[in-house]
Structures are given as C-alpha cells and as structure tokens.
Amino acid sequence: MEKVQGEMEIERWERSEEISDAEKKVIQEIWSRVYANCEDVGVSILIRFFVNFPSAKQYFSQFKHMEDPLEMERSLQLRKHARRVMGAINTVVENINDSEKVSSVLALVGKAHALKHKVEPIYFKKLTGVMLEVIAEEYPNDFTPEAHGAWTKMKTLIYTHVTAAYKEVGWAQYPTATL
C-alpha cells in the first residue's frame, strides 16, 4: 500500500486504531521486561534498523560510515541514541492512558526530526517495524498473537502521531533515499 511519492499519502491511509484497556495492559507488561534491558534492546533495534535500511545512517554523522554490526554495537554514540529512543518509547508506554501526554511527546519527537534533523518520516515506520521484530524475537513467550495485535496498534499510534507533527510543521520533502 506504500506509495513512492511521499509519506503523506501513506499517512492518509493509516489511522491509529483505538488501543483497548486490555491491550494497553499487555503493552505495558511486555514493555516492563523490554525496558529492564533498555540499552541492549535499543542497540539491537538500531543495529537491525541500520543493517536493513542503511540509508537511515545518513542522518548520523557519528556512525553513518559504520558497516560492521559489531562496530555499531561498540559505538558510544549509537548506544546513547538507543537510550534516547527507548526513553521516548518508555514515556509513551508509561503514559499510554494519557492521550494528551502521548501526543505531546510524539509531537516533540516528530518536530525535532523534521525541523532539526531533516529525517524522512518513512524511517519512523521502518524503525517501529524493526522494533516489533526485535521485541518478538527477544521475548517470544510474551509476544503472543494478542500481544502482536496490541503492539501493531502501538506502532501505528507512534507513526501517525509523529507524521502528524511533520505535517503540522509543513514538511514538504519527499523521500530521496532508496529504502
């Protein structure tokens, strides 16, 4: 369903589905185990993201030339960014019952990445997809079909809020990188 011309076309097709109270509980329970290993899981997510989508590294001057996953794993800058990513997701999960707080946090993330870092919004869709893959692999006993459904809604919630912030700031760039 993805269009090459730009992310805003995709955003029109994707709407954040309501996450039920039971699904919120599942998300929070799994996240509590994931976040206990915050840095390691975050690093695994970023390494998989950069290996699968090497064009994403263009936004990171400190490690954009790294090809070797072991070198990436040892990078202090990558580890620092992994902690920041996981911290933002943690704030969203902790406040999942407060839609205004969730919107606010994700708007800040979206605006910073649109205005300051000039990151194409498609990368948020790719990153959240990788996040789900890694969590499912690292926590297979917890990642039931019910949990997968709940986390898929969470992935869409993150993506739709972030891309809404891009739209709000007038993001008009189109993907130039080959994904």
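Let us look at the structure shown here. (Residues numbered from 1 in each chain as written. Predicted model: local features only at pLDDT ≥ 70, side-chain atom pairs only at ≥ 80, totals over all residues. Heavy atoms only, no water.)

1. Some thoughts on helix α3 (residues 38-52)
Using the following cut-off: Secondary structure elements follow DSSP: runs of H or I no shorter than four residues count as helices, runs of E no shorter than two count as strands, and numbering proceeds from the N terminus. Here a helix's expected span is defined as the number of its residues, less one, multiplied by 1.5 Å. Partly exposed describes any residue whose relative accessible area lies between the buried limit of under 20% and the exposed limit of over 50%, with all areas from a 1.4 Å probe on protein chains only and scaled to the type maximum. Any two residues whose heavy atoms approach within 4.5 Å at even a single point are treated as in contact.
Its 15 residues place the ends of α3 21 Å apart at the C-alpha level, agreeing with the 21 Å of an ideal helix rising 1.5 Å per residue. All buried positions along α3 are accounted for by Cys38, Val41, Gly42, Val43, Ile45, Leu46, Ile47, Phe49 and Phe50. Where α3 is buried, its residues meet α2 (21-36), α4 (69-74), α5 (76-94) and α7 (122-138).

2. Remarks on the side chain of Thr128
Rules: Here a polar contact means two N or O atoms within 3.5 Å. Within protein one must be a hydrogen donor candidate and the other an acceptor candidate, and residues neighboring in sequence count only if both atoms are side-chain atoms.
Mapped onto the secondary structure, Thr128 falls in helix α7. At 3.1 Å, the side chain of Thr128 and the backbone oxygen of Lys125 are in polar contact. Thr128 has contacts with Lys155 and Ile158, leaving out every residue within four places of it along the chain.

3. Examining α5
The terminal C-alpha atoms of α5, which comprises 19 residues, lie 26 Å apart, in line with the 27 Å expected from a rise of 1.5 Å per residue. Residues Leu78, Arg79, Ala82, Val85, Met86, Gly87, Ile89, Asn90, Val92 and Val93 constitute the buried set of α5. Elements in contact with the buried residues of α5: α2, α3, α4, α6 (99-116), α7 and α8 (145-168).

4. Looking at the packing of α3 against α7
A packed helix pair is summarised by two numbers, namely the angle formed by the two axes and the spacing between the axes. Put simply, the rule reads: Helix axes use the C-alpha atoms of the stretch in contact, all axes being lines fitted to C-alpha atoms, and the angles between their N-to-C directions lie in the range 0 to 180 degrees. Under this scheme an angle from 65 to 115 degrees is roughly perpendicular, one under 35 degrees roughly parallel, and one over 145 degrees roughly antiparallel; angles in between are oblique. In this scheme the handedness of a crossing depends on how the near helix is turned from the far one: anticlockwise by less than a right angle means left-handed, clockwise means right-handed. Classes in brief: Ala, Val, Leu, Ile, Met, Phe, Trp, Tyr, Cys and Pro nonpolar; Asp, Glu, Lys and Arg charged; the others, Gly included, polar.
One can describe the packing of α3 onto α7 by two numbers: an axis separation of 9 Å at closest approach and a directional angle of 125°. Comparing the axis directions of α3 and α7 gives the class oblique. Here α3 and α7 pass one another in a crossing that is right-handed. Packed against α3, whose contacting residues are Val41, Ser44, Ile45, Leu46, Arg48, Phe49 and Asn52, the element α7 presents Tyr123, Lys126, Leu127, Val130, Met131, Glu133, Val134, Glu137 and Glu138 at the interface. Its residues assigned to classes, the contact of α3 with α7 comprises nine nonpolar, two polar and five charged.

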